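The residues making up each chain are set out below.
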Amino acid sequence: MDLCIIGSGYVGLVTGACFAEVGHHVICVDNDQRKVDMLLAGKIPIYEPGLDELVHRNVGAKRLRFTTSTQEGVDASQVVFIAVPTPPQPDGSVDMTFIEKVAREISSALKPGQYRVIVDKSTVPVNTGERVAATIRRYNPAAEFDVVSNPEFLREGCAVPDLMKPDRIVVGTSSARATDVMQRVYAPFKAPVLVTDVNSAELIKHAANSFLSLKISYINAVSAICEASGADVELVADGIGMDRRIGRQFLNAGLGYGGSCFPKDVKAFIAIADELGVPFTLLKEVERINATQLDRFLKKLRDSLWVLREKKIAVWGLTFKPDTDDVRNSLAIDLVNRLVAEGAHVTAYDPKGMEKAIEWKLIPSSVKLAKTPLEAATGAEALVLATEWKEFVNQDLAAVKVAMHTPLVFDGRNLFDPATMKQLGFQYYGIGRQAAK
Ligand code: UDX
């Protein structure tokens, strides 16, 4: 099929590449000339495992191309996906400026007698589909189209496998014609397709991400109880996770959830519910627990080091989770900033995130960046693990211990085994675990 994706960010680019991989002809549109030029020159603007190869293979096979022209994309495609950002506004509600603008652009690109399925992939508040349809109709009353909601559930860092082998595909539409088109788009993926009305599909995205955030805050709240009572949150998570109705996934206690989706989507769902007159106070508590995890963690550092001013602290990890270069809304970045604000001398290392952290000025220039984890730890009075990259487990920890000034490890992601750390001679503090004496 001929497909167009408007917006070549994380979601748009990976979706376009995966659609091309299963045999569709895909044209990716982006209004950022610089980004399109990069893609045309064979450079991938984001780090995502497997994406580089996928894009090159499909560009080579002439199934994937890039343009800045919405008209060209709409002309060439039966289905037009919208994958532009829906950033949060200061009050937590969703900024719909980009979606509205793209709706107008599509509207003026639609030609009479040319039926198109307009699919919203961006995360949007419930009732957006109705507004997109009304906008297109207002500017182009003769346009023949259906609007579909098809939320994307991919995770950064495993976006390609998530897209190629999804748990489910949600298609929100009440048009039989659009349903048929969407079934054909997704047939090669051999995944279960749930067809709903537009509003339900839109709600599924916010409800799913808020539920996963709730799971994380739940185990983080339990981690505080574990610390107070002498239990171990990892064992508690294993024990409750073995109940298949609960599941072990997303029960990893840590510094909390970050990234571009969870914090934004929980806030948005709260704002949507407020606007609908049905306040979702449970989610406010989810947010509160998430915010206090970092406070509790910093308290542990202070309890051991007394004052943080002038302390040399090594931070391993800057990205909001492993296997991505994304440092936006990262708790590791918040942690570095809080340490610096308390006067600590921070040396950080991250396998992929250092460049963007500097480029986007997310950390103060006083933070030193090391070339290796060992270099960061050298001379440090405490080592803080903020992101659970595999590279950190594979470190020669005995050498790290020797290089440190005082061997204190604060593990914000429960990456290390407390008994092993104790054996190596570290004073180890995890989340929801008893400090190894
Ligand atoms: C998430 C959703 O998983 C995905 O379905 C949606 O489309 C976009 O949002 P992503 O933001 O890429 O994906 O990351 P994810 O792997 O879900 O992690 C989000 C945050 O939660 C990270 O900061 C991670 O460290 C944290 N997390 C995750 C935990 O603290 N504990 C866990 O058990 C799982």
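All of these numbers come straight from a predicted model, not from anything done at the bench.

Criteria and cut-off values
Residues numbered from 1 in each chain as written. Predicted model: local features only at pLDDT ≥ 70, side-chain atom pairs only at ≥ 80, totals over all residues. Heavy atoms only, no water. Phe/Tyr/Trp six-rings, centres within 6.5 Å; stacked < 30°, edge-to-face > 60°. Buried < 20%, exposed > 50% of the residue type's maximum accessible area, 1.4 Å probe, protein only. 1 Å grid on protein atoms, 1.4 Å probe; cavity = no way out; pocket = protein on both sides within 12 Å on 5 of 7 lines; lining within 4 Å. Points joined across faces, edges and corners; volume = space filled by probe spheres on them. Helix = DSSP H or I, 4+ residues; strand = E, 2+ residues; numbered from the N terminus. Nonpolar A, V, L, I, M, F, W, Y, C, P; charged D, E, K, R; others polar. Domains from an automatic or database assignment. Buried area = accessible area lost by both parts, 1.4 Å probe. Salt bridge = Lys/Arg side-chain N within 4 Å of Asp/Glu carboxyl O.

Colleague: Help me understand the packing of aromatic side chains in this model?
Modeller: Given two aromatic rings, their pairing is described by the distance between the two centres and the angle made by the two planes. With the rule as written, the count across this model stands at 10 aromatic pairs. Residues Y186 and F189 carry aromatic rings whose centres are separated by 5.7 Å and whose planes lie at 50 degrees to one another, so their mutual orientation is tilted. One exposure class covers both Y186 and F189, and it is buried. With a centroid separation of 5.0 Å and an interplanar angle of 20 degrees, the aromatic rings of W316 and F392 are classed as stacked.

Colleague: Can you help me understand empty space enclosed by the protein in this one?
Modeller: Over the atoms rolls a probe the size of a water molecule, and in doing so it shows where empty space is left. Using the criterion set out here, one finds one cavity of 30 Å³ or more in the structure. Roughly 50 Å³ of internal volume is contained in the largest cavity. In terms of lining residues, the largest cavity is bounded by D120, S122, T123, V124, S149, P151, A201, E202 and K205. In terms of residue count, helix α9 (residues 198-229) provides more of the lining of the largest cavity than any other element does, three residues in total. In terms of residue class, the lining of the largest cavity is built from three nonpolar, three polar and three charged.

Colleague: Just to check I follow, could you spell out the domain arrangement of the protein chain for this structure?
Modeller: Interfaces are often sized by the amount of accessible area the parts lose when they come together. On domain assignment, one finds that the protein chain holds domain 1 (2-196) and domain 2 (210-429). Using only C-alpha atoms to locate each centre, domain 1 and domain 2 end up separated by 33 Å. Between domain 1 and domain 2, a total of about 1300 Å² is buried, with carbon and sulfur atoms accounting for 58% of that surface. Ranking the residues of domain 1 by area buried against domain 2 places Y47, G92 and E156 at the top, with a combined share of 40%. Remark: the boundary between domain 1 and domain 2 carries zero salt bridges.

Colleague: Please explain the layout of surface pockets as it appears in this structure.
Modeller: By volume, the second largest pocket is sized at about 500 Å³. Surrounding the second largest pocket, 18 residues form its lining, M96, P125, T128, R131 and E275 being those nearest its centre. Elements with a minimum of two residues in the lining of the second largest pocket: α5 (97-109), α6 (128-139) and α11 (262-275). A per-class count over the lining of the second largest pocket returns 11 nonpolar, four polar and three charged.

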